[in-house]
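# Overview (structure and organization)
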There are 4 protein chains.
Amino acid sequence: MIAVLKNGVSKQQVETLITWFKGKGLDVHISEGKFQTILGLIGDTSKVDIDLLNGLEIIETVKRISDPFKSANRKFHPDDTVIDIGGIKLGGGNFQFIAGPCSVESHDQILEVATKVKQAGANLLRGGAFKPRTSPYDFQGLKGQGLELLKEAKVKTGMPIVTEIMNINTLDLFEDVDVIQVGARNMQNFDLLKELGHTNKVILLKRGLANTMKELLMSAEYIMAGGNENIILCERGIRSFETYTRNTLDLSAVPMLKELSHLPVVVDPSHATGMARLVRPMALAAVAAGADGLMIEVHNDPPHALCDGAQSITPEEFESIAQQVKKVREVIKG
Amino acid sequence: MIAVLKNGVSKQQVETLITWFKGKGLDVHISEGKFQTILGLIGDTSKVDIDLLNGLEIIETVKRISDPFKSANRKFHPDDTVIDIGGIKLGGGNFQFIAGPCSVESHDQILEVATKVKQAGANLLRGGAFKPRTSPYDFQGLKGQGLELLKEAKVKTGMPIVTEIMNINTLDLFEDVDVIQVGARNMQNFDLLKELGHTNKVILLKRGLANTMKELLMSAEYIMAGGNENIILCERGIRSFETYTRNTLDLSAVPMLKELSHLPVVVDPSHATGMARLVRPMALAAVAAGADGLMIEVHNDPPHALCDGAQSITPEEFESIAQQVKKVREVIKG
Amino acid sequence: MIAVLKNGVSKQQVETLITWFKGKGLDVHISEGKFQTILGLIGDTSKVDIDLLNGLEIIETVKRISDPFKSANRKFHPDDTVIDIGGIKLGGGNFQFIAGPCSVESHDQILEVATKVKQAGANLLRGGAFKPRTSPYDFQGLKGQGLELLKEAKVKTGMPIVTEIMNINTLDLFEDVDVIQVGARNMQNFDLLKELGHTNKVILLKRGLANTMKELLMSAEYIMAGGNENIILCERGIRSFETYTRNTLDLSAVPMLKELSHLPVVVDPSHATGMARLVRPMALAAVAAGADGLMIEVHNDPPHALCDGAQSITPEEFESIAQQVKKVREVIKG
Amino acid sequence: MIAVLKNGVSKQQVETLITWFKGKGLDVHISEGKFQTILGLIGDTSKVDIDLLNGLEIIETVKRISDPFKSANRKFHPDDTVIDIGGIKLGGGNFQFIAGPCSVESHDQILEVATKVKQAGANLLRGGAFKPRTSPYDFQGLKGQGLELLKEAKVKTGMPIVTEIMNINTLDLFEDVDVIQVGARNMQNFDLLKELGHTNKVILLKRGLANTMKELLMSAEYIMAGGNENIILCERGIRSFETYTRNTLDLSAVPMLKELSHLPVVVDPSHATGMARLVRPMALAAVAAGADGLMIEVHNDPPHALCDGAQSITPEEFESIAQQVKKVREVIKG
């Protein structure tokens, strides 16, 4: 961390500041120029509140050199994290498909989709029970009943299940859920993250629509600070000025996040684009960029899906995509 | 709502679709062209799920003509809503200052700031007890203790208080709070919004960093759908590519939101810019644009504030700004 | 095109408007509802000025159903355009690498890089002579001299050359240039586009940093309206709130642009990310997404490049990437 | 400027780098920590190419402390620049209205609008002759003939004229033009900027849709580097994810630009919002934020304007706005 002091700061003010930094356990290196004094702060600066420093009268600007996330930082954990989901491994070279319908709609629907995506190569079943919708008048999911149907599908197919939590008060219902998803809109619901940090569940943390990669890692840090290190990061598109696709899938985030962090990164091409016909090219591109997994919406009857039908593909299309994905993985593994 | 059908759709498919629309209580007007058939849907389309329609095979594109929010819509409620906060009126020509520190830090601090901002013209006291911070290592607020100190300040100064909720489980603690703030990061925490819809508290709803005006109104609709119509909208800056200011204050949103909705709109220039020296020009600009109130961070000792000191102004600056604001209000009223 | 009329418009006003539309050669279909009258305009609406319509007092809103570009539109030209560059074909299944240094620096440099990238699989040589730089104090390219060196490299290696034009007054110098590049900052330099429309050169048109896909196609339309249909579109990253990578590479644009238009689409992963270590994953992802070519900065000595060294790779890395790219192409063709 | 070196850099590499910096006339201050060596570079760093440094193998990151613009920088020119336009002063406390139609359409139109806006308080007449339009099929302006009509209006009303240049080859036609406007799409047309730097015309430089304030100042620097210091900056809205208004007017840019630079700043609320009914609130807000002038589209018959009618106001509305603007100016001047 670098602190640039304002012109004309008194010697005593500088000394007071340096003493304060040393009290935080930091080493301080001073560069005194004709016009500017620069302090280099060395040590664990992740706990220094940058806003507080910027408010000090004698400081012109403060810039971080190292990142304020620690547990999620690859610098301190050079090896890839491998997540174990009921025996299914993800990360560190282990690639997985997470597939299933946007919403759980009925016993028959979830079972049919689950059986078909399993045959097609998916090892993890996704399905929404609690649905975050922009409008209060849109379908909000089957909620608790949806979770029950998912669990039945898990029993019948043996696939671990992935589903979204929207409210910490429903946590008890997630006891048999294998991967709890935190949606884009809740990425900075810090109280939810803290609570999930006290569980031992695998958390699939989606990047917020307007959140930087570093903020995503700070949100992972919230969970990890509570003791839960089982986190899968998920890129699902950010909001830009382009409106032709629903979101702008930021695939550069895949190699960048894997460089900054040891956590695995999966990509959700269905939500990113909002269009079924873009799922294949974006799924292949995500894998070529190095993703550790893909989360894809598959529906047995997309035109009649109760939500997001426009972005769902059929089990047959999923199977065809999955086969191409495997071949692209072969190429990039070398 | 307009639905454009694909080329080559059969007569029977069109009829099935029309029957379905009519079942939803909508009138359907058909324009048949050589190349395209267009259906005009007339009636209450707010409950039609646009994603579902887009997923239907025979539809090329669907566009809304009217907005999907109803309770918040000025079309159906032409008169300005006036919010009553313990006798203090906001909206419909009633302008208010909401002032106070970013965080409640101590008994003396909150009482000193409260007394001073009251003298300077503020009628409502703000102060954070639960603080949403990007990093788990930053100061998270005094929480319950902070709320107690705020309530003391309310008793001593007679000012209604405004403070942020982050978790629906703490709602009981907000019994004596006059205005519950929903922060930008929780604007689409739909479960929180639904719960607040079942209270009779005034809700100050901040626009999310990447949320459109229409999404803000849809979030207000979530609260109103539960029966609580006491909502104040708050523009506090959006995220753009410009990084020199912390956010980009979107002042066009003030007249736009007031045109789209009957709810009052306040502006928070402190969070929007993140710089104390921009508070004055942006506060004046917000008022000139027609804001119904201003929410301003004031600290008795900004350089030592425990959070966001960089954007806090002193009570003396606040008083000077408040006086200019009143003069600008005179001009635009008349 | 759909025009929604305001409430309370008189019969005569509607008739005047309809007559005006018919005068433009359009068919008009009327849907009269209780609250709203909607006109469906059918025919060639590409020449209707949407801003003009929005300004008419009796109109509430106008929405395009079909796109305002015509020559570039796949609807009217279903087959892929194949561009012939001195015998090298690009588009319609023909994939090409365009490689070379950011800037032409010297005779030896351009010749060495050209020879090496040719060996490694590139068929087209890029090199900047006129360089658009944000600062007037940064290196602006060797200009005319740079073009001469490029042409020498073309003669010696037989590779067609690609280089950027910044000013229509230098067009004479580009006589022996095979592909003229229009940079992102000039994508809406309409006078330049018009002039290029009167040449028979192949134009590589880069998407602007804040331009939508449809605006890119409208800029292509400017060139095509002049008679020149030899256009290659180039996605090179857009500007979003994320600053960790220089730009946000929008790979969804590849399949989207190819759906909207018959023109070929290449991707420039070097400028998009600004980091050499992201060139490989983003190049592979671009190809997996369906790109017709890649434009990659290659320098014999990246650390000493006079511009953009940070994003240049060595010829050896290029060769290794090119080989993987070919394998990914096999998969997606297959 | 701060350069952070990578771990494990050899002593000799550091010395070579320091010698290189000293050769550029910079003082170098070294902070050696256990993990990192930081170099503080002091002196005129505006001519150091930051991309070049980032490309060096031994450097981890480079950050600017001071800004790379010099002539436009308030640090080196603390006093406000006052622009003299044929005797009309703008900047340094002198406020001006620039008003007139989007496009010059006819002799009668421009003369009528000019006469009326002059009576209403405008001292400068705007009018477009060369029009940048997204579509090649939209009205492109009367071009040379439009300039002639503008000049006639200048002669008859005595008002200096402001009009846009799109192509350096038309510069001769601008001899009697008082203020040459560079539009948003040409803000980084560097060759155009360079040429205008060799004239002695006043240049009104509009901020690009996706350009930061610092890039705007770098573009001003291009003109100033050529010797022309008569520059007026113009904020006209940036592109964000919000699409309800055409652009997002960034009013924080007004006080920020005036802090960073000594150049005057005007605001164009017409283009920023694209809606006539937003011109008044945004004009008042711009003035409250400290703008040195307003550029407003006024048309004698907005519904029949040949371009941008939707955002034009009548002379009567302009007069009413101008009177309120003057009163807000009184308030903020104190």
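Everything numeric here is computed off the predicted structure, so don't read it as measured data.

### Some points on the relation of the copies chain C and chain B
When chain C is brought onto chain B, the operation consists of a screw motion whose angular component is 180 degrees and whose axial shift is 0.0 Å, with 0.1 Å RMSD remaining. Expressed as an axis order, the relation between the two copies is that of a two-fold axis. Among all residues of chain C, the one whose C-alpha sits closest to the rotation axis is phenylalanine 241 of chain C, at a distance of 2.2 Å. Mapped onto chain B, 100% of the interface residues of chain C again fall at the interface, so both copies present the same surface.

### What about the packing of aromatic side chains?
Residues and elements named next belong to chain A. Under the defined criterion, the tally for this structure stands at 20 aromatic pairs over all chains. Taking the centre distance of 5.6 Å and the plane angle of 85 degrees together, the rings of phenylalanine 97 and phenylalanine 318 count as edge-to-face. With phenylalanine 97 in strand E7 (residues 96-100) and phenylalanine 318 in helix H10 (residues 315-333), this residue pair connects regions lying 221 residues apart in the sequence. As far as the burial class goes, phenylalanine 97 and phenylalanine 318 line up, both buried. Three or more aromatic residues joined by ring pairs form one cluster here, namely Phe95, Phe97 and Phe318.

### Quick word on the interface of chain B and chain A
On the side of chain A, 49 residues touch chain B, which itself brings 49 residues to the contact. Carbon and sulfur atoms make up 50% of the area that chain B and chain A hide from each other, which totals about 4,200 Å². Linking chain B with chain A are two salt bridges, by the criterion used here. Arginine 239 of chain A is the partner of glutamate 215 of chain B in a salt bridge, and the nearest nitrogen-oxygen pair spans 2.6 Å. Put simply, chain B and chain A have 19 residue pairs in polar contact (both at pLDDT 80 or more) between them. The set of elements that each furnish at least two residues to the side of chain B that touches chain A consists of helix H2 (50-55), helix H5 (190-197) and helix H6 (213-225) of chain B. At five residues, the largest contribution of residues to the side of chain B that touches chain A is made by H6 of chain B. Its residues placed into classes, the side of chain B that touches chain A shows 19 nonpolar, 15 polar and 15 charged.

### Notes on the sheet that holds strand E10 (residues 179-182) of chain A
Residue and element names in this part refer to chain A. Taken together, eight strands build a closed barrel; the order of strands is E7-E8-E9-E10-E11-E12-E13-E14 and the barrel is parallel. Neighbour to neighbour, the strand axes of the sheet diverge by 30 degrees on average, direction disregarded. Relative to strand E8 (residues 124-126), helix H3 (residues 107-119) is tilted by about 145 degrees, and along the sheet it contacts E7 and E8.

### Remarks on the domain arrangement of chain A
You can read the domains of chain A as domain 1 (2-63) and domain 2 (83-333). Between domain 1 of chain A and domain 2 of chain A, the C-alpha centre-to-centre distance is 43 Å.

### So, the sheet that holds strand E2 (residues 27-32) of chain A
Residues and elements named next belong to chain A. Here we have four strands laid out as an open sheet, ordered E2-E3-E1-E4, and antiparallel in their pairing. Whereas interior strands pair on both sides, the edge strands pair on one side only; in this sheet they are E2 and strand E4 (59-63). On average, each strand axis in the sheet is inclined to that of its neighbour by 20 degrees, with strand direction left out of account.

### Overview of helix H9 (residues 279-288) of chain D
For H9 of chain D, a buried count of nine out of ten residues is recorded, marking the element as mostly surrounded by other parts of the structure. Among the residues of H9 of chain D, Val279, Pro281, Met282, Ala283, Leu284, Ala285, Ala286, Val287 and Ala288 of chain D are the ones counted as buried.

### Thoughts on the pairing of strand E10 (residues 179-182) of chain C
Residue and element names in this part refer to chain C. Neither face of E10 is left uncovered, since the one carrying Val179 and Gln181 and the one carrying Ile180 and Val182 both have all their residues buried. As paired strands, strand E9 (residues 161-165) and E10 are joined by four bridges and run parallel to one another. Counterpart to valine 162 in the pairing with E10 is valine 179. Where E10 lies against strand E11 (residues 202-206), four bridges are found, and the strand directions are parallel. By the bridge assignment for E11, glutamine 181 is matched with leucine 204. For the segment spanning E10, helix H5 (residues 190-197) and E11, crossover handedness is right-handed.

### Side note on the pattern of salt bridges
One pass over the full model with this rule turns up 59 salt bridges over all chains. Notably, a salt bridge pairs arginine 207 of chain D with aspartate 250 of chain D, separated by 3.0 Å at the nearest N-O pair. Taken together, the residues span a long stretch of sequence, with arginine 207 of chain D in the loop between strand E11 (202-206) and helix H6 (213-225) and aspartate 250 of chain D in the loop between strand E12 (231-235) and helix H7 (253-260) at a distance of 43 residues. Judged by its relative accessible area of 0%, arginine 207 of chain D falls in the buried class. Several salt bridges share partner residues, and in doing so they unite Arg207, Glu235 and Asp250 of chain A together with Glu242 of chain C into one network.

### Quick notes on the interface of chain C and chain B
Between chain C and chain B, the contact holds 21 residues from the first and 21 residues from the second. Of the roughly 1,800 Å² buried between chain C and chain B on both sides combined, carbon and sulfur atoms contribute 68%. Mapped onto the side of chain C that touches chain B, the elements with two or more residues apiece are strand E1 (2-5), strand E2 (27-32), strand E3 (37-42) and strand E4 (59-63) of chain C. Sorting elements by how many residues they give to the side of chain C that touches chain B places E2 of chain C first, with four residues. Split into classes, the residues belonging to the side of chain C that touches chain B amount to seven nonpolar, six polar and eight charged.

### Regarding the packing of helix H3 (residues 107-120) of chain B against helix H10 (residues 315-333) of chain B
Residues and elements named next belong to chain B. Between H3 and H10, whose axes approach to 9 Å, the crossing angle comes to 25 degrees. Between H3 and H10, the angle falls in the class roughly parallel. Along this stretch, H3 crosses H10, giving a crossing that reads as right-handed. Listed contacts from H10 to Lys116, Val117, Gln119 and Ala120 of H3 are Pro315, Glu316, Phe318, Glu319, Ala322 and Lys326. Its residues placed into classes, the contact of H3 with H10 shows five nonpolar, one polar and four charged.

### Some thoughts on unusual backbone geometry
Notably, lysine 143 of chain A is not glycine yet its phi reads approximately 55 degrees, a positive angle. Turning to its location among the elements, lysine 143 of chain A is positioned in the loop between E8 and helix H4 (144-157).

Definitions and limits used
- Residues numbered from 1 in each chain as written.
- Chains lettered and ligands numbered in written order.
- Predicted model: local features only at pLDDT ≥ 70, side-chain atom pairs only at ≥ 80, totals over all residues.
- Heavy atoms only, no water.
- Least-squares fit on C-alpha atoms with pLDDT ≥ 70 in both.
- Contact = heavy atoms within 4.5 Å.
- Phe/Tyr/Trp six-rings, centres within 6.5 Å; stacked < 30°, edge-to-face > 60°.
- Helix = DSSP H or I, 4+ residues; strand = E, 2+ residues; numbered from the N terminus.
- Buried < 20%, exposed > 50% of the residue type's maximum accessible area, 1.4 Å probe, protein only.
- Buried area = accessible area lost by both parts, 1.4 Å probe.
- Salt bridge = Lys/Arg side-chain N within 4 Å of Asp/Glu carboxyl O.
- Polar contact = N/O pair within 3.5 Å; in protein donor to acceptor, adjacent residues only side chain to side chain.
- Nonpolar A, V, L, I, M, F, W, Y, C, P; charged D, E, K, R; others polar.
- Pairing = 2+ DSSP bridges.
- Axes fitted to C-alpha atoms, helices over the stretch in contact; angles between N-to-C directions.
- Domains from an automatic or database assignment.
- Right-handed = clockwise from strand over helix to strand, strands pointing away.
- Parallel < 35°, antiparallel > 145°, perpendicular 65-115°, else oblique.
- Left-handed = near helix turned anticlockwise from the far one by under 90°.

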